[in-house]
There are 2 protein chains.
Amino acid sequence: MAAHMTPEEFRRYGHEMVDWIARYWENLENLPVTPDVRPGEVAARLPEQAPETGEDFTAVLADLDRVITPGMAHWQHPAFFGYFPANTSGPSVLGDLVSAGLGVQGMLWSTGPAATEVETVVLDWLADLLDLPKRFRSTSSGGGVIQDSASSAALVATLAALHRAGGGAWRTEGVRREYTVYTSTQAHSSIEKAARIAGIGDRNVRLVEVDEAYAMRPDALRAALDADRAEGRIPALVVATIGTTSTTAVDPLPEIGEICREYGVWLHIDAAYAGAAAVCPELRWSHAGLEYADSYCFDPHKWLLTGFDCDAFWVADRAELVQALTVLPEYLRNAATESGEVIDYRDWQVPLGRRFRALKLWFVLRWYGAEGLREHIRSGVATAQRFAEWVRADERFEIAAPHPFSLVCFRLRDSNASDDSGASDDSDAANDSDAANEELLRRVNATGQAFLTHTRVGGRYVLRLAVGAPSTQERHAAGAWKLIQAAADDLDAG
Amino acid sequence: MAAHMTPEEFRRYGHEMVDWIARYWENLENLPVTPDVRPGEVAARLPEQAPETGEDFTAVLADLDRVITPGMAHWQHPAFFGYFPANTSGPSVLGDLVSAGLGVQGMLWSTGPAATEVETVVLDWLADLLDLPKRFRSTSSGGGVIQDSASSAALVATLAALHRAGGGAWRTEGVRREYTVYTSTQAHSSIEKAARIAGIGDRNVRLVEVDEAYAMRPDALRAALDADRAEGRIPALVVATIGTTSTTAVDPLPEIGEICREYGVWLHIDAAYAGAAAVCPELRWSHAGLEYADSYCFDPHKWLLTGFDCDAFWVADRAELVQALTVLPEYLRNAATESGEVIDYRDWQVPLGRRFRALKLWFVLRWYGAEGLREHIRSGVATAQRFAEWVRADERFEIAAPHPFSLVCFRLRDSNASDDSGASDDSDAANDSDAANEELLRRVNATGQAFLTHTRVGGRYVLRLAVGAPSTQERHAAGAWKLIQAAADDLDAG
């Protein structure tokens, strides 16, 4: 027998590890948000080979401080404002811990009845909390499932859409080159990636134009659908976004939904980041028109206090999804499946195997309650709105896009925006200004005291400050703003 | 501010949770392996809605015993012999715990340098431990990455194969209906599912005939390739298996590899279960011919003491994989990516986001050392071989397939196997015997003292006993064998 860790050893090291995490969280604010390491530097701290004999666990623990922490971008740091937040929380970590300890593989209902049923129930709870349309409930025609990410949710939605568009022939015949997919120029790259994976080809993905608020233009969508139909193509899927990655724009779902209904096209809604906002009634305007959707997802692992991976994905008609994805070999046959009374989540996703990820979500919902979730969202929104006020009050800066949630897009104004010296000079000025914004971002991040990322919208380089880590308070956003102003001062002087 | 769990509370509840898991493991042998629950029974124990205000954590802890444990199939139970094992271990659970606590999202090198580099190094370690071909190393042209499962590995390999088969046109043009995929009739269903997801269509997947040992017949593969080429199809991918799901058959890689080279087809090797065996030199015969492979995967989360999800996937040429999958939107651009000096694992997988899964594998390799891993594999193989001896010694039973690893396929013989009364009666006898084996399995599993699953090979119903849980000892297999014999006695008597 190999020297397995005994339950007694697990207790001892487990307590030490819990304490290490608690200390990490307590000390997080004192660490640089992002590390100062060069490529290869972490790898160089590791031996070239695995040990021949087992090591003492204290050496492993020591390496967390020696190798891991200094090589980390600290996503849970209160001054991590990059990308979108990647929340976790105490109850989430503990739910994941139980899941790891149980080591259950819930591919089928029968291989983990509790894993399956807790997931179904908790996703119904979440549908209630967001006030999603009734047909997304498992008690109706639909149901929810946890995917690893919104990317995988988009892929699964794409496959169900192809199954429908092909009248069932897609499974056996494969993709037809006539299928087309529609999303906005501001949609997440995962939509394009999902289409590519599904064999649709990048050139059959239509990136529909947006309006001045970066939301999809329904008239442009209709025009694209008409043009493709006229050329004999088969529109299979429209993906609309609630809260785009660059600027958190909200596509007009009621208009888009009407068009999808008219053209008989599957409508998937990607609300990866902003879906969490729907726990607050005052932010549910962003979900108006969701009744048109065939599928919808958002990531509790972004802004709803649940650790990665936890994308919540719902379909309005679970039968369509299962028909698209099911393959049933003999070795997976079992009485429960054949009874037709159970959900086998393997047919709702790409992989066969699955962890008991619902535990962490269940723990989070119970620890915080609906009230606690709403407070978390409101706190992020309030801090972001305060930040936007500070930006507006400094005439060197401008807000670059509407900011209804907890992301603010902003930039240094073009230095000679008031100079009316012609198109060519405007373009030079734009380039200079983009470079200045890029340099400002570099300087702020180099301090290690805050971390922001960037995007480009309307062709211009824009800074993004995304609030949402559980530990972030207004003072952290204020600290970031001071760093930004100081960097702008230096650029002015320099 | 929402009432976040404080570090102090996390310490307290974290210790309680660690203790709960330790107790669960200590008590596991006394629990029924699979639960006696009906569909809906677990769900009925949960409230209909999430709580409005946060609950006390002691209520959550109590529900583990009230709701979860009684609704579990206990995959870590020493008498769980179903499917393939789904190992976990103390060091794996603790590695996952640290990963959850850090909450890092390692989609890019820059968003988690340590997460990326530890993964690269540990997969190189693992390649050494299995003695994989040099070109799979990150220090050569290839490299390893953790996927959630062998299903996703098969999908990613399929996409890279299509990219190659299309000469780069697949990305933009999409799948062509001429592409074909080859695997054996005994391959895992995930190969067919991957092809379907990639838009290839079930009818373009060729299930190649196997020999009497259930291994792919190279002549049948060649014939299928020739037939397709003659009809203008484009063979894109061959998937060979080391250790098929039904019986752990090993496809003849040297012959298959030569054919793939001759026809210029991507060769992916699915060693999901049996790959772990290659840590033992005496079992490496199963990997002969691996030098022909373009990609290879196995699941440490099956038989190598690492909790789900942890599929280790390697490619011989990482550039081909990245070219197939990359999409680079502005908001993900960063200096490290542009330097070309780093790996961004997002381009090696379907999802964008990723957890720090390498931690648990790192912990496992360090805790056990190469020696401990080998002992674990050898212990499972030895117990399975002993079990096979017992089966052979009971004339009512027969071994149904070769059993080189830790899975034994067996069955009650046809009751009149010695009776020479003609084809029609043989067929009736076969049906009776299949029904008897099915009933025997039902009775054994109903005891709750062991759990086995079944398959069909050669058209016959066969029982599978898979050894491999870390806590399984010979006495547990002996206990299962006693239950099986007792059930056979009852069937004889009845």
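Each chain carries its own residue numbering, running from 1 in the written order of its sequence. Here chains are named by letter from A upward and ligands by number from 1 upward, in the order in which they appear as written. With pLDDT at 70 or above as the cut-off, local features in this predicted model cover only qualifying residues; side-chain atom pairs require 80 or more to be listed or tallied, and sums for whole chains, interfaces and linings still use all residues. Only hydrogens and water are set aside when side-chain values are computed; all heavy atoms of the structure are taken into account.

Peer 1: Before we move on, can you summarise the relation of the copies chain B and chain A with the specific residues and values?
Peer 2: When chain B is fitted to chain A, the best match, at an RMSD of 0.0 Å, comes from turning it 180 degrees and sliding it 0.0 Å along the axis. Expressed as an axis order, the relation between the two copies is that of a two-fold axis. Comparing interface residues between copies, 100% of those in chain B also lie at the interface in chain A; the contact surface is shared. Least-squares superposition of the copies uses the C-alpha atoms of those residues scoring a pLDDT of at least 70 in each of them. Any two residues whose heavy atoms approach within 4.5 Å are treated as being in contact.

Peer 1: Give me the lowdown on helix α1 (residues 7-27) of chain A, citing residues and values where you can.
Peer 2: Here α1 of chain A is 21 residues long and its end C-alpha atoms lie 30 Å apart, about the 30 Å a rise of 1.5 Å per residue gives. The classification of residues rests on relative accessible area computed with a 1.4 Å probe and restricted to protein chains. Under 20% of the type maximum is buried, over 50% is exposed, and intermediate values are partly exposed. We count a stretch as a helix when DSSP gives it H or I for four or more residues in a row; a strand needs E for two or more, and each element gets its number in order from the N terminus. Among all positions in α1 of chain A, only Phe10, Arg11, Tyr13, Gly14, Met17, Val18, Trp20, Ile21, Ala22, Tyr24 and Trp25 of chain A are buried. Those residues of α1 of chain A hidden inside the fold are in contact with α2 (57-68) and α3 (90-102) of chain A together with α1 (7-27), α3 (90-102) and α13 (358-393) of chain B. Here the expected length of a helix is defined as 1.5 Å per residue gap, with one fewer gap than residues.

Peer 1: Quick rundown of the nonpolar core? Include the residues and the values.
Peer 2: A general tendency of soluble globular proteins is for nonpolar side chains to be buried together. Joining through side-chain atoms within 4.5 Å is the link that ties buried Ala, Val, Leu, Ile, Met, Phe, Trp, Tyr and Cys residues into a set, and such a set is a nonpolar core. Among the nonpolar cores identified, the biggest contains 292 residues, and Ile68 and Tyr296 of chain A together with Ile68 and Tyr296 of chain B are the most heavily contacted of them. Once residues lying within four places of it in the same chain are set aside, the contact partners of Ile68 of chain B are Leu102, Ala114, Val118, Phe356, Leu359 and Trp362 of chain A together with Asp63 of chain B. In terms of nonpolar packing, the next biggest core, distinct from the first, is built from 76 residues, Val205 and Ala324 of chain A together with Ala161 and Trp266 of chain B among them.

Peer 1: Go over the sheet that holds strand β2 (residues 179-184) of chain B with me, naming the residues and quoting the values.
Peer 2: Residue and element names in this part refer to chain B. Read from one edge of the open sheet, seven strands run β1-β7-β6-β5-β4-β2-β3, paired in mixed fashion. Only two strands of the sheet have a single neighbouring strand rather than two, namely β1 (143-147) and β3 (205-208). Sheet twist, expressed as the mean angle between neighbouring strand axes with direction ignored, is 20 degrees. At least two DSSP bridges between two strands are required for those strands to pair. Pairing between strand β5 (residues 266-270) and strand β6 (residues 295-298): three bridges, direction parallel. Its bridge partner lying in β6, His268 is registered against Ser295. Axes here refer to lines fitted to C-alpha atoms; in helices the fit is confined to the stretch in contact. Angles between the N-to-C directions go from 0 to 180 degrees.

Peer 1: I'd like a description of the domain arrangement of chain A, backed by residues and values.
Peer 2: Residues and elements named next belong to chain A. Residue ranges for the domains originate in an automatic or database domain assignment. For chain A, the assigned domains read domain 1 (1-30 + 35-71), domain 2 (104-354) and domain 3 (370-493). Taking the mean C-alpha position of each, domain 2 and domain 3 sit 32 Å from one another. Taken together, the contact between domain 2 and domain 3 spans 24 residues of the former and 23 residues of the latter. By definition, the buried area sums, over both parts, the 1.4 Å-probe accessible area that each loses when the two are put together. Contact between domain 2 and domain 3 buries roughly 1900 Å² in total, counting both sides, with carbon and sulfur atoms accounting for 71%. Counted as salt bridges are all cases of a side-chain nitrogen of Lys or Arg within 4 Å of a carboxyl oxygen of Asp or Glu. Scanning the region where domain 2 abuts domain 3 turns up one salt bridge. Notably, a salt bridge pairs Glu282 with Arg378, separated by 2.6 Å at the nearest N-O pair. Counting of polar contacts relies on pairs of N or O atoms within 3.5 Å, with two restrictions inside protein: one atom must be capable of donating a hydrogen and the other of accepting it, and residues adjacent in sequence are counted only when both atoms are side-chain atoms. In this structure, the connection of domain 2 to domain 3 is made through six residue pairs in polar contact (both at pLDDT 80 or more).

Peer 1: I'd like a description of the pairing of strand β9 (residues 407-412) of chain B, backed by residues and values.
Peer 2: Along any regular strand, the residues point their side chains to alternate faces of the sheet. Residue and element names in this part refer to chain B. When you tally the buried positions in β9, you get six out of six residues, the bulk of the element. Here β9 shows a buried face lined by Leu407, Cys409 and Arg411 and a second buried face lined by Val408, Phe410 and Leu412. Where strand β8 (residues 397-399) meets β9, three bridges bridge the pair, whose relative direction is antiparallel. Bridging across to β9, Ile399 finds its partner in Phe410. Sheet analysis places β9 next to strand β11 (residues 460-466), joined by four bridges and oriented antiparallel. When the bridges of β11 are listed, Cys409 appears paired with Arg464.

Peer 1: An account of the pattern of salt bridges is requested, with residue identities and associated values reported.
Peer 2: Taken as a whole and judged by the stated rule, the model has 93 salt bridges over all chains. Glu8 of chain A serves as the salt-bridge partner of Arg11 of chain A, at 3.0 Å between the closest nitrogen and oxygen. Taken together, the residues span about one helical turn, with Arg11 of chain A and Glu8 of chain A both in helix α1 at a distance of three residues. Exposure remark for Arg11 of chain A: the relative accessible area of 16% places this residue in the buried category. Of the residues examined, Glu8 of chain A reaches a relative accessible area of 48% and is grouped as partly exposed. Residues Arg396 of chain B and Asp489 of chain B are paired through a salt bridge, measuring 2.6 Å at the closest nitrogen-oxygen approach.

Peer 1: Which residues make up the interface of chain B and chain A, and what values go with them?
Peer 2: On the side of chain A, 158 residues touch chain B, which itself brings 158 residues to the contact. A buried area of about 13900 Å², summed over both sides, lies between chain B and chain A, and 64% of it is on carbon and sulfur atoms. On the chain B side of the interface with chain A, the three residues burying the most area are Tyr331, Arg366 and Trp367 of chain B, jointly 7% of the side's total. In this structure, Asp309 of chain B and Arg355 of chain A form a salt bridge, with 3.8 Å as the shortest nitrogen-oxygen distance. Applying the counting rule to chain B against chain A returns 70 residue pairs in polar contact (both at pLDDT 80 or more). Considering every element that reaches the side of chain B that touches chain A, the biggest residue donor is α1 of chain B, with 17 residues. Amino acids are sorted into nonpolar (Ala, Val, Leu, Ile, Met, Phe, Trp, Tyr, Cys and Pro), charged (Asp, Glu, Lys and Arg) and polar (every other residue, Gly among them). A per-class count over the side of chain B that touches chain A returns 81 nonpolar, 41 polar and 36 charged.

Peer 1: Which residues make up the packing of aromatic side chains, and what values go with them?
Peer 2: Stacked, tilted and edge-to-face pairs are distinguished by plane angle, under 30 degrees for stacked and over 60 for edge-to-face with tilted covering the rest, among Phe, Tyr and Trp rings (Trp via its six-membered ring) whose centres lie within 6.5 Å. If you walk through the whole model with that rule in mind, you get 46 aromatic pairs over all chains. With a centroid separation of 5.6 Å and an interplanar angle of 15 degrees, the aromatic rings of Trp75 of chain A and Tyr83 of chain A are classed as stacked. Looking at Tyr83 of chain A, the relative accessible area reads 9%, which means it is buried. Feature note: the residues Tyr13 and Phe57 of chain A together with Trp362, Phe363 and Trp367 of chain B constitute an aromatic cluster, connected by ring pairs. Here, a charge over a ring is recorded when the distance from Lys NZ or Arg CZ to the ring centre is within 6 Å and its angle to the ring normal is within 35 degrees. Of note, Arg12 of chain A hangs over the ring of Tyr13 of chain A, and the distance from its end group to the ring centre comes to 5.0 Å.

Peer 1: Help me get a handle on the packing of α3 of chain A against α1 of chain B, residues and values and all.
Peer 2: At a minimum axis distance of 10 Å, the contact between α3 of chain A and α1 of chain B shows a crossing angle of 10 degrees. Considering their axes alone, α3 of chain A and α1 of chain B lie roughly parallel with respect to each other. Contacts from Gly90, Val93, Leu94, Leu97, Val98, Gly101 and Leu102 of chain A in α3 of chain A reach Phe10, Tyr13, Gly14, Met17, Val18, Trp20, Ile21, Tyr24 and Trp25 of chain B in α1 of chain B. Residues that form the contact of α3 of chain A with α1 of chain B fall into these classes: 13 nonpolar, three polar and no charged. By the definition adopted for this analysis, an angle is roughly parallel if under 35 degrees, roughly antiparallel if over 145, roughly perpendicular if from 65 to 115, and oblique otherwise.

Peer 1: Can you break down the UniProt feature "modified residue: N6-(pyridoxal phosphate)lysine" (unreviewed entry) in chain A residue by residue, with the values?
Peer 2: Residues and elements named next belong to chain A. Mapped onto this numbering, the UniProt entry annotates "modified residue: N6-(pyridoxal phosphate)lysine" (unreviewed entry) at Lys302. As for its position among the elements, Lys302 is in helix α10 (residues 300-303). Other than its neighbours up to four places away in sequence, Lys302 contacts Phe84, Pro85, Ala86, Asn87, Ala272 and Tyr273. UniProt positions are given in the numbering used here, feature names are shortened, and annotations may be inferred rather than shown by experiment.

Peer 1: Which residues make up unusual backbone geometry, and what values do they have?
Peer 2: All names here are of chain A. Put simply, Phe308 and Asp309 share a cis peptide bond, and its omega is 0 degrees. Phi is positive for Asp131, which is not a glycine, with a value near 55 degrees. Positionally, Asp131 belongs in the loop between α4 (113-129) and β1 (143-147). Unusually for a residue other than glycine, Leu305 sits at a positive phi of about 70 degrees. The residue Leu305 is located in the loop between α10 and β7 (311-315) in this model. Leu305 gets classed as buried once you look at its relative accessible area, which sits at 0%.

Peer 1: Before we move on, can you summarise the environment of Pro300 of chain B with the specific residues and values?
Peer 2: All names here are of chain B. Structurally, the position occupied by Pro300 is in helix α10 (residues 300-303). The exposure class of Pro300 is buried, given its relative accessible area of 0%. Each C-alpha atom, one on Pro300 and one on Val210, is 27 Å from the other, the two residues being 90 residues apart in sequence. Here Pro300 is in contact with Leu126, Leu305, Thr306, Cys310, Asp311, Ala312 and Leu361, once residues within four sequence places are set aside.

Peer 1: Which residues make up the sheet that holds strand β11 (residues 460-466) of chain A, and what are the values?
Peer 2: Residues and elements named next belong to chain A. Reading across the sheet, the four strands line up as β8-β9-β11-β10 and stay open at both edges, with antiparallel pairing between neighbours. Strands with a single pairing partner mark the edges of an open sheet, and in this sheet they are β8 (397-399) and β10 (453-457). Going across the sheet, the axis of each strand differs from the next one's by a mean of 40 degrees, ignoring polarity. Packed onto the sheet, helix α13 (residues 358-393) meets β8, β9 (407-412) and β11 and runs at close to 15 degrees relative to β9.

Peer 1: Any chance you could break down α13 of chain A for me, citing the residues and the numbers?
Peer 2: With 36 residues, α13 of chain A ought to run about 52 Å at 1.5 Å a step, yet its terminal C-alpha atoms sit only 44 Å apart, falling short of that. A large share of α13 of chain A lies buried, amounting to 26 of its 36 residues.

Peer 1: Explain the side chain of Thr69 of chain A to me, and be specific about the residues and the numbers.
Peer 2: Relative to the elements of secondary structure, Thr69 of chain A occurs in the loop between α2 and α3. Dropping the residues within four chain positions of it, Thr69 of chain A is found in contact with Trp20, Tyr24, Leu31, Leu64 and His74 of chain A.

Peer 1: Explain the confidence of the model for chain A to me, using residue names and the numbers behind them.
Peer 2: What pLDDT reports is the predictor's confidence in each residue, on a scale of 0 through 100. Mean pLDDT over chain A: 95, with 97% of residues reaching 70 or higher. Within the model, the stretch residues 416-423 of chain A combines pLDDT values under 50 with two contacts to residues more than four positions away or in other chains.

Peer 1: How would you summarise the pairing of strand β7 (residues 311-315) of chain B if you had to cite specific residues and measurements?
Peer 2: Residues and elements named next belong to chain B. Most of β7 is tucked away: five of the five residues are buried. Alternating positions in β7 separate into two faces, Asp311, Phe313 and Val315 on one and Ala312 and Trp314 on the other, with burial throughout. Two strands pair when backbone bridges link them, and β1 and β7 are joined in this way by five bridges, in the antiparallel orientation. Within β7, the residue paired with Gln147 across the bridge is Asp311.

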